[in-house]
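# Analysis of the macromolecular model
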2 protein chains.
Amino acid sequence: MEIDRRRNIVEAAEKSFSLFGYKATTMDQIAKLANVGKGTIYTFFKNKEELLQFIMEELIKEMKTAAEETYDKNISFHKFVHRAIYKMLEYRMEHQLAIKLFEEGKFGTPEVVEALKYFEDAIVNYISHIIQEAINKGFIHPCDPKITAYIILKMYVALIFDWEKNNPSLSKEEIADLMNLYIFKGLAVS
Amino acid sequence: MEIDRRRNIVEAAEKSFSLFGYKATTMDQIAKLANVGKGTIYTFFKNKEELLQFIMEELIKEMKTAAEETYDKNISFHKFVHRAIYKMLEYRMEHQLAIKLFEEGKFGTPEVVEALKYFEDAIVNYISHIIQEAINKGFIHPCDPKITAYIILKMYVALIFDWEKNNPSLSKEEIADLMNLYIFKGLAVS
DNA sequence: CAATGACCGAAATACCAAAATGGTCATTAA
DNA sequence: TTAATGACCATTTTGGTATTTCGGTCATTG
């Protein structure tokens, strides 16, 4: 069977990026790992950055399908939103690549910052889409879907990533309850 | 009249910190600005870090009184919360020192990171206090005041600082409406 | 005796040679 | 003929070091 060089390259790059980060991964290294001459990489990808972007797009697609698999007609709308978003963030946390890049991004490599912005945008757009549908169906109050999606994401990140830096971390259920309280029910006593 | 060296030092430091940041401010510079020998600074403050902390404490106190001044028995509870928090963030945004340190903190100087954590804690505690009172009075649903305060702060920061990095910035009123929708009313259609 | 600035060790910075890296392209192997 | 390759090049990064700067001290001073 003919070997799929392109696939090998992508997988080698993914492995190396997630293990050592973007900056610390060299093209020679990727070529070695992929059992391929370095020049070959450039027949498939214009440069290192494009290779990263391709991998990010793959990752985003995987996340979306993962989220969509949680869809279930029998659960309430907000449960779905919660599950889907949680699944996506879980992905982000568990996936080596995402973690490494997330750390690297805080620091400063421009390509990585760019890639992460792209990543965040993809998530926000996806959530935004769900919100819009929910509004159309009259499940939730009308609101700007984009901002709402953004806020929901930030809130999750705050609860999952930031809060546990200085406090005992919250369980999946606690986070679900909190999101439900803050975003869906609201604090106000009717 | 006898000159107040201590006051001069604090003001010089504050000015220099907010103009050039903590790291880029030298003790010599402060001494010059304060018309004081360098050694004199050390008769009032143990070191540079303590000087920063003193200034931060002053800033926090100022912010609290500024927030408290917005209290008005005739406005609704959530209006008060909003006004108070907004005032505090406005302070943070407008005050040169806070901005400079905020930028510097993202980067990494340990003392600045520490000081900002202290700053954030102070805000969260203050909000937390207000929340607790509101719960006691039955204005809002029972909830963990600390987490709630934390979330509210994060949400504001997301709306004021982060959102406008990639989107048209929101007006005071828009932010007020959004906070009201997300936190108080909730998205759910009753 | 409060105030000071010359002084000190440590830490940051500037500098530069050597090594590494991203990307190209003439050569090779199929 | 064409896809694959790795030696090669220009540029960037690194590692080590000489130099400067800075936070903090303390003997001297007014």
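Residues numbered from 1 in each chain as written. Chains lettered and ligands numbered in written order. Predicted model: local features only at pLDDT ≥ 70, side-chain atom pairs only at ≥ 80, totals over all residues. Heavy atoms only, no water.

Chain A carries the name TetR family transcriptional regulator in an unreviewed UniProt entry, which gives Ornithinibacillus bavariensis as its organism.

## Topic: the protein's contact with DNA strand C
Taken together, 13 residues surround DNA strand C, and among them A:Met27, A:Lys38, A:Lys48, B:Arg5 and B:Thr40 come closest. Each atom of DNA strand C within 4 Å of the protein was classed as base or backbone; sugar and phosphate made up 67%. B:Arg5 is positioned with one of its side-chain polar atoms (N or O) 2.8 Å from a phosphate oxygen of DNA strand C. Separating a phosphate oxygen of DNA strand C from a side-chain N or O atom of B:Thr40 is a distance of 2.4 Å. (Near = heavy atom within 4 Å. Polar contact = N/O pair within 3.5 Å; in protein donor to acceptor, adjacent residues only side chain to side chain.)

## Here we look at the relation of the copies chain A and chain B
Each of the two copies of the chain can be brought onto the other by a rotation about an axis and a shift along it. Turning chain A through 179° and shifting it by 0.1 Å along the axis lays it on chain B, with an RMSD of 0.2 Å. Within this description, the copies of the chain are treated as partners about a two-fold rotation axis. Considering only C-alpha atoms, the part of chain A nearest the rotation axis is A:Gly186, at 1.8 Å. Interface residue correspondence from chain A to chain B reaches 100%, placing this contact among same-surface, isologous pairings. (Least-squares fit on C-alpha atoms with pLDDT ≥ 70 in both. Contact = heavy atoms within 4.5 Å.)

## Things to note about the packing of helix 6 (residues 96–107) of chain A against helix 7 (residues 110–136) of chain A
Residues and elements named next belong to chain A. With their axes 8 Å apart at the nearest point, helix 6 and helix 7 run at an angle of 120° to one another. In terms of axis orientation, helix 6 runs oblique to helix 7. Crossing handedness for the pair helix 6 and helix 7: left-handed. Contact residues: Leu101, Phe102, Glu104 and Gly105 in helix 6; Val112, Val113 and Leu116 in helix 7. Class assignment for the residues of the contact of helix 6 with helix 7 results in five nonpolar, one polar and one charged. (Axes fitted to C-alpha atoms, helices over the stretch in contact; angles between N-to-C directions. Helix = DSSP H or I, 4+ residues; strand = E, 2+ residues; numbered from the N terminus. Parallel < 35°, antiparallel > 145°, perpendicular 65-115°, else oblique. Left-handed = near helix turned anticlockwise from the far one by under 90°. Nonpolar A, V, L, I, M, F, W, Y, C, P; charged D, E, K, R; others polar.)

## Some thoughts on the protein's contact with DNA strand D
Around DNA strand D, the structure places 13 residues, and the nearest of them are A:Arg5, A:Thr40, B:Met27, B:Lys38 and B:Lys48. The sugar-phosphate share of atoms of DNA strand D within 4 Å of the protein amounts to 65%. The backbone of A:Gly37 places a nitrogen or oxygen atom 3.0 Å from a phosphate oxygen of DNA strand D. Mapped by element, the contributors of at least two residues to the surface near DNA strand D are helix 3 (38–44) of chain A together with helix 3 (38–44) of chain B. Ranked by residue count, the leading element in the surface near DNA strand D is helix 3 of chain A, at three residues. For the surface near DNA strand D, a count of residues per class yields three nonpolar, six polar and four charged.

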